[in-house]
Amino acid sequence: TTLLVIAELAISLIGVSGIVAVFLTARPIGNLDSARFLVIVATGCLVAFLAFVPVWLTRHYAGELDIWRTAAIIALVSAVVVNLAVGAFAHTSVQQVAQSFAGHRTPSRIGASLLTLIVVLLMLVNIFGWPTKSNGTVYEVMLFVGLIQMAIAFASLVMSKDHEV
């Protein structure tokens, strides 16, 4: 049930972000806010999808290790595909945002990078079963870190001055 709660939280945050984006579009929305909203939606959809993967896999695999290892492989592949799709879909916005971030190492940007690194490391722990066996707790923590990333992007969107006139 923890996985389903994570999926519900991800979908709820996407919905609230959509409402905020509607209010932001009363004025011209900047590239930075567009990129933030895209990150929220993409990450939320990915987290929600990945929360259901182990549920689907339990129908086809008997071994618990196989379920979590396979789910982590699907998570890694899905994360790469979603990031490539976001980059292709919002190439101009992402490129402008990346240029504005170049050379700026603020705590929030360093934190976002560390969270991404943590997610990838947790995926690899479940894929290789080292230093602990592949398990559901590691997978759930990985999804929870994804929710934290969404929350940070949401807070940045709400508190942004990029959309102010």
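Refer to the structure printed above.
Small disclaimer: the values here were computed from a predicted structure and weren't measured. (Residues numbered from 1 in each chain as written. Predicted model: local features only at pLDDT ≥ 70, side-chain atom pairs only at ≥ 80, totals over all residues. Heavy atoms only, no water.)

### A word on the side chain of N135
Reasoning step 1: Note that N135 resides in the loop between α5 (107-128) and α6 (136-159).
Reasoning step 2: Separated by 2.9 Å, the side chain of N135 and the backbone nitrogen of V138 make a polar contact.
Reasoning step 3: In this structure N135 touches W68 and N126, once residues within four positions along its chain are discounted. (Helix = DSSP H or I, 4+ residues; strand = E, 2+ residues; numbered from the N terminus. Polar contact = N/O pair within 3.5 Å; in protein donor to acceptor, adjacent residues only side chain to side chain. Contact = heavy atoms within 4.5 Å.)

### What about the side chain of N126?
Reasoning step 1: Mapped onto the fold, N126 is located in helix α5.
Reasoning step 2: Classification of N126 as buried rests on a relative accessible area of 1%.
Reasoning step 3: Those residues within four positions of N126 in sequence are excluded, and the remaining contacts are W68, R69, A72, K133, S134, N135, V138 and Y139. (Buried < 20%, exposed > 50% of the residue type's maximum accessible area, 1.4 Å probe, protein only.)

### Some remarks on the packing of aromatic side chains
Reasoning step 1: Under the counting rule described, the total for this entry stands at three aromatic pairs.
Reasoning step 2: With a centroid separation of 5.5 Å and an interplanar angle of 45°, the aromatic rings of W68 and Y139 are classed as tilted. On the criterion of sequence distance, the pair formed by W68 in helix α3 (residues 64-89) and Y139 in helix α6 is long-range, its members being 71 residues apart.
Reasoning step 3: The exposure class of Y139 is buried, given its relative accessible area of 1%.
Reasoning step 4: Taken together, the aromatic side chains of F49, F52 and W56 make up a single cluster linked through ring pairs. (Phe/Tyr/Trp six-rings, centres within 6.5 Å; stacked < 30°, edge-to-face > 60°.)

### Details of the nonpolar core
Reasoning step 1: Judged by nonpolar contacts, the single largest core of 35 residues is most densely connected at L50, Y139, M142, L143 and M150.
Reasoning step 2: Going through the elements one at a time, α1 (2-24), α2 (31-57), α3, α5 and α6 are the ones with two or more residues in this core.
Reasoning step 3: Looking at this core element by element, the count peaks at ten residues for α6.
Reasoning step 4: Apart from residues no more than four positions distant in its own chain, M150 is found in contact with A10, L13, I14, I40, T43 and G44. (Core = buried A, V, L, I, M, F, W, Y, C linked by side-chain atoms within 4.5 Å.)

### Focus: the packing of α3 against α6
Reasoning step 1: Their axes nearest at 9 Å, the elements α3 and α6 cross at an angle of 25°. On the basis of their axis angle, the class for α3 and α6 is roughly parallel. Crossing geometry of α3 relative to α6 is assigned as left-handed. Facing W68, A71, A72 and A75 of α3, the residues of α6 in contact are G136, Y139 and M142. (Axes fitted to C-alpha atoms, helices over the stretch in contact; angles between N-to-C directions. Parallel < 35°, antiparallel > 145°, perpendicular 65-115°, else oblique. Left-handed = near helix turned anticlockwise from the far one by under 90°.)

### Examining α3
Reasoning step 1: In a regular helix each residue adds 1.5 Å, so 26 residues correspond to 38 Å; α3 covers 37 Å between its end C-alpha atoms and thus fits that length.
Reasoning step 2: When we look at burial in α3, the residues that qualify are I67, W68, T70, A71, A72, A75, S78, A79 and V86. (Expected span 1.5 Å × (residues − 1).)

### Quick look at the packing of α2 against α3
A pair of packed helices can be characterised by two numbers: the angle between their axes and the separation between those axes.
Reasoning step 1: Viewed as axis vectors pointing N to C, α2 and α3 meet at an angle of 160°, and their least axial separation amounts to 10 Å. One element, α2, and the other, α3, form an angle in the roughly antiparallel class. Crossing angle aside, the handedness with which α2 passes α3 is right-handed. Contact residues: α2 offers L38, A42, L46, F49, L50, V53, P54 and L57, while α3 offers I67, W68, T70, A71, I74, A75, S78, A79, V82, V86 and F89.
Reasoning step 2: For the contact of α2 with α3, a count of residues per class yields 17 nonpolar, two polar and no charged. (Nonpolar A, V, L, I, M, F, W, Y, C, P; charged D, E, K, R; others polar.)

### Let's talk about a nonpolar patch on the surface
Reasoning step 1: A surface patch of nonpolar side chains, amounting to about 720 Å² of accessible area, comprises L114, L117, V120, L121, L124, F128 and W130.
Reasoning step 2: On the secondary structure map, V120 appears in helix α5.
Reasoning step 3: Residue class for V120 comes out partly exposed when judged on its relative accessible area of 32%. (Patch = residues over 30% accessible without salt bridge, like charges linked within 9 Å, V, L, I, M, F, W, Y side chains within 5 Å. Areas by Shrake-Rupley, 256 points an atom, 1.4 Å probe, with all protein chains shown as cover. Salt bridge = Lys/Arg side-chain N within 4 Å of Asp/Glu carboxyl O.)

### Let's talk about the environment of G136
Reasoning step 1: By secondary structure assignment, the location of G136 is in helix α6.
Reasoning step 2: When its relative accessible area of 10% is taken as the criterion, G136 is described as buried.

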